Amino acid sequence: MKETGHSAPAADVLADVLAEVRERVDRREALGEAQVAVLEAAVNIVRAGQHGAGVMPVERSELVREALGAVRAATVATGVALTHTRRESRVAA
């Protein structure tokens, strides 16, 4: 698989968006937690994909592992949000 070679600024932009989302969303709500987790995964994936930026294989492995954990968390949180939304729509009907 070929590395994508995203630039450091892309990771920085995503990190800035992540910081803003963390300040604005309610992570006690499943959908808010899912938003944060997806952005955490994106930041780690982009950073892991950087080549020539001094990312060591061990660091890359850790970034990918953290991205996978964030994707798992996003999946669970999104599932919880979907279940909650379905319940709300049944009550409203």
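Our subject in this report is the structure included herewith. (Residues numbered from 1 in each chain as written. Predicted model: local features only at pLDDT ≥ 70, side-chain atom pairs only at ≥ 80, totals over all residues. Heavy atoms only, no water.)

**A short note on the overall build of the protein chain**
Heads up, the condition is: Elements are defined by DSSP. Helices are runs of H or I of four residues or more, strands are runs of E of two residues or more, and each kind is numbered from the N terminus. Using a 1.4 Å probe on the protein chains alone, a residue whose accessible area is under 20% of its type maximum counts as buried, one over 50% counts as exposed, and one in between counts as partly exposed. Whether two residues are in contact is decided by their heavy atoms, any of which lying within 4.5 Å being enough.
The helix and strand tally for the protein chain stands at three helices and zero strands. Going residue by residue from the N terminus, the α and β elements of the protein chain occur as α-α-α. Counting all 93 residues of the protein chain, 25% fall into the buried class. Long-range contacts, defined as pairs at least 24 residues apart, comprise 57% of the intrachain contacts of the protein chain with a sequence gap of at least 6.

**Describing the nonpolar core**
Counted only if it meets this: Working definition of a nonpolar core: buried Ala, Val, Leu, Ile, Met, Phe, Trp, Tyr and Cys residues. They are joined through side-chain atoms within 4.5 Å.
Counting residues in each nonpolar core, the largest one holds five residues, listed as Leu18, Val21, Val36, Leu39 and Val43. Of all the elements in the fold, those that place two or more residues in this core are helix H1 (8-24) and helix H2 (30-49). With three residues, H2 is the single largest residue contributor to this core. What Leu18 contacts, discounting residues up to four positions off in sequence, is Val36, Leu39, Glu40 and Val43.

**Here we look at H2**
We count it as follows: In a helix, the anticipated span is given by 1.5 Å times the number of residues less one.
Relative to the 28 Å expected for 20 residues at 1.5 Å per residue, H2 spans 28 Å between its end C-alpha atoms, a close match to the ideal helical length. Buried residues of H2: Ala30, Gly32, Ala34, Val36, Ala37, Leu39, Ala41, Val43, Asn44, Val46, Ala48 and Gly49, and no others.

**What about the side chain of Asn44?**
Topologically, Asn44 is positioned in helix H2. Asn44 sits in the buried class, given a relative accessible area of 11%. Sequence-distant contacts of Asn44, defined by excluding residues within four places in its chain, comprise Leu63, Glu66 and Ala67.

**Observations concerning helix H3 (residues 57-92)**
Taking 1.5 Å per residue as the helical rise, H3 with its 36 residues ought to reach 52 Å, and the 52 Å between its terminal C-alpha atoms agrees with that figure. Here H3 has its buried residues at Leu63, Ala67, Ala70, Ala74, Ala77 and Ala81. Buried residues along H3 sit against H2.

**Points about the environment of Arg47**
Along the chain, Arg47 turns up in helix H2. Linking Arg47 and Arg60, residues 13 residues apart in sequence, is a C-alpha distance of 7.8 Å. Residue contacts for Arg47: discarding those within four places in its chain leaves Ala11, Asp12, Ala15, Val55 and Leu63.

**So, the pattern of salt bridges**
Heads up, the condition is: Should a side-chain nitrogen of Lys or Arg be within 4 Å of a carboxyl oxygen of Asp or Glu, the pair is scored as a salt bridge.
Summed over all chains, the structure comprises five salt bridges. Of the charged contacts in the structure, one is a salt bridge between Glu40 and Arg22, with a shortest N-O distance of 2.5 Å. A residue pair is termed long-range when its members are at least 10 positions apart, and Glu40 in helix H2 and Arg22 in helix H1 qualify at 18 residues. Owing to a relative accessible area of 40%, Arg22 belongs among the partly exposed residues under this scheme.

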